[in-house]
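Survey of secondary and tertiary structure
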Amino acid sequence: MADSANSKNYGVPIYGAGWVPPSALRSAVEPQDDGGDKSSPESYVVLAGGGGEGNSGIRNALLVAQFDFDSNDLSDQPVARLGTGGDLPYRMAVHPVGEGLICSFPKSCRWFDWDFQRAENRSLGLISSERVLKPLQDVGQQLALTFNNEGSLLAVGGEDGKLRVYKWPSMENILDQDNAHASVKDLDFSPDGKFLASVGSGPCRIWDVSKSTSAASLKKENDEIFGSCRFSPINDENQVLYIITMRDQGGSVSKWSTATWKRIKSKRVVRDPICAFNVSPNGKLLAVGTIEGDVLIVSSNNFQVQNVVKKAHLGLVTTLKFSEDSRALLSSSLDSRVRVTIIKEEKKSGVSLWIVILVLLIAIAVFYAASNGIIS
């Protein structure tokens, strides 16, 4: 697959990806304010991956690439690269307020800081932080990492099934649950940070973070297997939870009420197994990635597929992340390819058609009335 403006091969199997928050760029620029415009037109994405342990010849690293929204163009090469030695950065969570990012490695988790370069080719990079996350040293492979919206809580789920929640940045432990699942596959905080959803084998579990207790257990139907989970980012009374479910017939999206923790509806959206999932910040769209490398954009309102990018990647999709303004979708894969898909507004041609029909009916009625002398 040849490179295109919005799809680039960076030579490293990608396991984690995310957008760099605009606040990270602003905080990097402001200390060196020269009286000019503080706004930064650049957008950056951060990537984690590599060849793992052994002599694969592919180095493990964190990468930063630049994206231009005006031209829909990813940089041909990463603008920054930070090697991680023999340790593969398997999972990653970017701090939402721009402090940096956390990566999980085979044995421990490490923190990295942003490094803004103001040279001729001014760009954003990463540096290893002096901050040591002591509670996450020698804890084994963590499969899920996530911050709440404010960046004040960090949840970590392990391959061993243990779930931990910490206050950030103090790393005070407020939830420590052994055997939350056989293995924790995914985690997500509700918009208000009150609840945490966890998915592994068995049911999806809901945790009341403020009380450090289990709040609900969402049961599977028949032969379902739960995959990813995401709360709707819209913080209102109609807040919902989405869970990816899989059966032999394909991958489905299910919607759950956060008031009753009951399933509202489910719908199959693709025949292939789903391996990546996300919800846009405005709550209007769902993104689904398959093991065949396809990427689908789905309406959160009616679960209708709005756009399909067939073979967006040559292998299974590892990560899907919407930009902060919901204008674009970042996807990555083990095929070493990174892609940005611009979200197109759905045309509301149906409404316009009804208006046209209504106008025609009124015109016919007026013509009929005039012909029969009803209107003089």
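Predicted model only: the values in this text are computed from it and were never measured. (Residues numbered from 1 in each chain as written. Predicted model: local features only at pLDDT ≥ 70, side-chain atom pairs only at ≥ 80, totals over all residues. Heavy atoms only, no water.)

A count of helices and strands for the protein chain gives two helices and 29 strands. A total of about 18200 Å² of accessible surface is found on the protein chain, and carbon and sulfur atoms cover 49% of it. (Helix = DSSP H or I, 4+ residues; strand = E, 2+ residues; numbered from the N terminus. Areas by Shrake-Rupley, 256 points an atom, 1.4 Å probe, with all protein chains shown as cover.)

Turning our eyes to something else, we now look at the confidence of the model for the protein chain. Scored by pLDDT, the protein chain has a mean of 89; 85% of the residues are at 70 or more. Counting contacts from residues 31–40, a segment whose pLDDT is below 50, to residues more than four positions away or on other chains yields seven contacts. (pLDDT = per-residue confidence, 0-100. Contact = heavy atoms within 4.5 Å.)

Another aspect to go through is the UniProt feature "repeat: WD" (unreviewed entry) in the protein chain. UniProt's entry tags residues 310–340 with the feature "repeat: WD" (unreviewed entry), counted in the numbering of this structure. Between the first and last C-alpha atoms of residues 310–340 the distance is 14 Å; the span itself is 0% helix and 52% strand. (UniProt positions renumbered as here; feature names shortened; annotations may be inferred.)

Once that is clear, we can look at the nonpolar core. Ranked by size, the top nonpolar core spans 20 residues in total, and within it Val46, Leu101, Phe112, Trp114 and Leu126 carry the most contacts. Going through the elements one at a time, helix 1 (22–29), strand 3 (43–49), strand 4 (61–68), strand 6 (80–83), strand 7 (91–94), strand 8 (100–104), strand 9 (109–117) and strand 10 (123–128) are the ones with two or more residues in this core. When neighbours within four sequence positions are excluded, Leu101 is seen to be in contact with Val46, Leu62, Met92, Ala93, Val94, His95, Arg110, Trp111, Phe112, Trp114 and Leu126. Residues Val45, Ala61, Val338 and Val340 belong to the second largest nonpolar core, which totals 17 residues. (Core = buried A, V, L, I, M, F, W, Y, C linked by side-chain atoms within 4.5 Å. Buried < 20%, exposed > 50% of the residue type's maximum accessible area, 1.4 Å probe, protein only.)

Attention now goes to the pattern of salt bridges. Evaluation of the coordinates by the stated rule reveals 15 salt bridges. One salt bridge connects Lys311 with Glu292, and the closest N-O pair in it is separated by 3.6 Å. Of this pair, Lys311 sits in the loop between strand 26 (305–309) and strand 27 (317–322) while Glu292 sits in the loop between strand 24 (285–290) and strand 25 (295–299), and the two are 19 residues apart along the sequence. For Asp294, the salt bridge is made with Lys310, and the minimal N-O distance between the two is 3.1 Å. (Salt bridge = Lys/Arg side-chain N within 4 Å of Asp/Glu carboxyl O.)

To continue, consider unusual backbone geometry. Each neighbour pair has its own omega, and for Trp168 with Pro169 the value is 10°, a cis peptide bond. Among the secondary structure elements, Pro169 is positioned in the loop between strand 13 (163–167) and strand 14 (173–177). We note that Asn222 has phi near 50°; this positive angle belongs to a residue other than glycine. Along the polypeptide, Asn222 turns up in the loop between strand 18 (213–218) and strand 19 (225–231). For Phe303, which is not a glycine, the phi torsion comes out positive at approximately 65°. Position of Phe303 among the secondary structure elements: in the loop between strand 25 and strand 26.

Time to look at the sheet that holds strand 13. Ordered in space as 11-12-13-14, the four strands form an open sheet in which the pairing is antiparallel. The open sheet terminates on both sides in strands that have one partner only, identified here as strand 11 (142–147) and strand 14. Shown here is a sheet whose adjacent strand axes are inclined to one another by a mean of 10°, direction ignored. Sheet topology note: the strand 11/strand 12 (residues 153–158) ladder contains five bridges and is antiparallel. Bridge pairing links Gln142 to Gly158 in strand 12. (Pairing = 2+ DSSP bridges. Axes fitted to C-alpha atoms, helices over the stretch in contact; angles between N-to-C directions.)

A regular strand carries its side chains on alternate faces of the sheet. Across the eight residues that make up strand 21 (residues 250–257), a large majority, eight, are buried. Bridge count for strand 20 (residues 240–247) against strand 21 is eight bridges, and the pairing is antiparallel. When the bridges of strand 21 are listed, Val240 appears paired with Ser257. Following strand 20, the chain reverses through two residues before pairing antiparallel with strand 21. The antiparallel hairpin formed by strand 21 and strand 22 (residues 263–270) contains five residues in its connecting segment, where Trp261 sits at a positive phi of about 60°.

What follows concerns the side chain of Ser228. Looking at the element boundaries, Ser228 is found in strand 19. Relative accessible area serves as the criterion here: at 15%, Ser228 is assigned to the buried category. Apart from the residues within four sequence positions on either side, Ser228 is in contact with Asp186, Tyr242, Ile243, Ile244 and Phe277.

A surface patch of nonpolar side chains, amounting to about 210 Å² of accessible area, comprises Ile291, Leu316 and Leu334. Assignment of secondary structure puts Ile291 in the loop between strand 24 and strand 25. Ile291 gets classed as partly exposed once you look at its relative accessible area, which sits at 37%. (Patch = residues over 30% accessible without salt bridge, like charges linked within 9 Å, V, L, I, M, F, W, Y side chains within 5 Å.)

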